[in-house]
Amino acid sequence: MWSGQAPDPLLGLGWGSVIHTWWVFLVDTVSSDEASQSQSAEPLRSGGFPPSLRSKLTWRLLPVLTVGLGIGHLDRANIAFANLKMQDDLGLSKEDFAMAAGIFFIPYSLLQIPATHFLTQVGARRILAASLALQGILATATAFVNGPGLLVGVRFLLGIPEAVFFPGAAYFITRWFPDAERSRAAAIFQTFSALGVIVGNLIAGPLMQTADGMFGLAGWRWLFIVQGAPAVGIGAWLFHTLPDRPPEAHWLSHDELVLLTEQLTTGSEAVLSERPQMVELVLETLSRRQSYLLCTLQFYLLLTAYMLSFFLPTMVSGSASPIPSRPIPPRPTPPRPTPTHPATSQPI
């Protein structure tokens, strides 16, 4: 047990959900592999999607995207643990910390749609790799701020590359997974990103405690360095391993490439043919009150989630101090009855 570190009461729940999800995913993958082996003698058919191809796309493409999203969640949320020590070194008030935590979401919200449009013009692989590298540089630079103003500025800039990665990765998934497989791939991609926050909760306390004073840097500065720098390496990993388009994937056989291209092309043609109807559906959806109710519910759901993410360590740390004990007054002793003579009822 380390001193000064707030335990996370949600950590056990998070580990349980992740282990359960990993188990379901592995069972599904093993089942897919067995099915593919039993059907290996059959030719690939355009009417279905072979389990072997699904498994290959999943393991070749999703791990680096998932790790990238997880490190993004870690870099945006580790300020909550760093604040346990950083507030004294930088003289942060509660308002300063709230501003630094929340200003991240201004560029993150405003730039997602323009970033996705730019990504479709340049190429997903280059932009995703560059966004991860820039994210790692900015997250690491947070370790060297010396005041509230610089902290707020770096957090604002950090929202720019993070605004690129999530919608860009979602677009990349649509370029590789057909319609019938896309929801499964997106669910895996988003579910396992929670590992980033869980890993951050696990190592934040011991890291700040053991690295405090190393090379003259405080423990909270090492937290930003250790958890920020890996994003640069992940960006390089993504750039060298992810092909932009299926024809560039050397690990696809000719039959698999033909089948995947056919299914992706069929899905794209269906979307183009239904575009007028889609526009009408979008306008009809925007005219319904239920849509705004769901948006409101989603807004408050995210607001609550990020409030816990950013402020729970501080709240738990403040409540972890020992409660001062008050002296318990002695229990009053009832007076003993005076013994009397049984015959005269007079005191003896």
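Residues numbered from 1 in each chain as written. Predicted model: local features only at pLDDT ≥ 70, side-chain atom pairs only at ≥ 80, totals over all residues. Heavy atoms only, no water.

Trainee: Where do I start with the overall build of the protein chain in this structure?
Mentor: Across its full length, the protein chain holds 15 helices and zero strands. Counting the 348 residues in the protein chain, one finds 38% classified as buried. Contacts spanning at least 24 positions in sequence make up 81% of the contacts within the protein chain whose residues lie at least 6 apart. Summed over its atoms, the accessible surface of the protein chain is roughly 20,300 Å², and 66% of this surface lies on carbon and sulfur atoms. (Helix = DSSP H or I, 4+ residues; strand = E, 2+ residues; numbered from the N terminus. Buried < 20%, exposed > 50% of the residue type's maximum accessible area, 1.4 Å probe, protein only. Contact = heavy atoms within 4.5 Å. Areas by Shrake-Rupley, 256 points an atom, 1.4 Å probe, with all protein chains shown as cover.)

Trainee: Just checking my understanding: could you explain the environment of Pro148 for this structure?
Mentor: In this structure, Pro148 sits in helix α8 (residues 148–174). With relative accessibility at 26%, the residue Pro148 sits in the partly exposed group. A C-alpha to C-alpha distance of 9.2 Å links Pro148 and Gln87, two positions 61 residues apart in sequence. Among all residues touching Pro148, those that are not within four sequence positions of it are Leu90, Gly91, Leu92 and Asp96.

Trainee: How should I be thinking about the nonpolar core in this particular structure?
Mentor: Among soluble globular proteins, nonpolar side chains are generally buried collectively. Judged by nonpolar contacts, the single largest core of 38 residues is most densely connected at Leu57, Leu65, Phe165, Trp176 and Leu238. With nine residues, the top contributor of residues to this core is helix α2 (residues 51–77). Other than its neighbours up to four places away in sequence, Leu238 contacts Val64, Leu65, Arg125, Leu128, Ala129, Leu132 and Phe165. Core analysis: the next-biggest nonpolar cluster, separate from the first, contains 26 residues, Ala101, Ile103, Leu223 and Phe310 among them. (Core = buried A, V, L, I, M, F, W, Y, C linked by side-chain atoms within 4.5 Å.)

Trainee: Explanation requested: unusual backbone geometry in the structure shown.
Mentor: The residue Phe215 is not glycine, and still its phi comes out positive at about 55°. Note that Phe215 resides in the loop between α10 (194–210) and α11 (219–228).

Trainee: In this structure, what is going on with the packing of aromatic side chains? I would like to understand it.
Mentor: How two aromatic rings sit relative to each other is given by the distance of their centres and the angle of their planes. The tally for this structure, following the rule as stated, stands at 13 aromatic pairs. Every member of this aromatic cluster is reached through a ring pair, and the members are Phe104, Phe105, Tyr108, Tyr306 and Phe310. Over the face of the ring belonging to Phe239 we find Arg125, whose NZ or CZ atom lies 4.5 Å from the ring centre. (Phe/Tyr/Trp six-rings, centres within 6.5 Å; stacked < 30°, edge-to-face > 60°. Lys NZ or Arg CZ within 6 Å of the ring centre and 35° of its normal.)

Trainee: Before we go on, may I ask you to explain helix α12 (residues 230–241) in this structure?
Mentor: Residues spaced three or four apart along an α-helix face the same direction, because each turn holds 3.6 residues. Given a rise of 1.5 Å per residue, twelve residues ought to cover 16 Å, and the 16 Å separating the end C-alpha atoms of α12 matches this to within 8%. Of the residues making up α12, those classed as buried are Ala231, Ile234, Gly235 and Leu238. Considered in projection along α12, the buried side chains sweep an arc of 105° and stay on one side of the axis. Buried positions along α12 lie against α2, α7 (124–141), α8 and α11. (Expected span 1.5 Å × (residues − 1). Arc of directions from axis to C-beta.)

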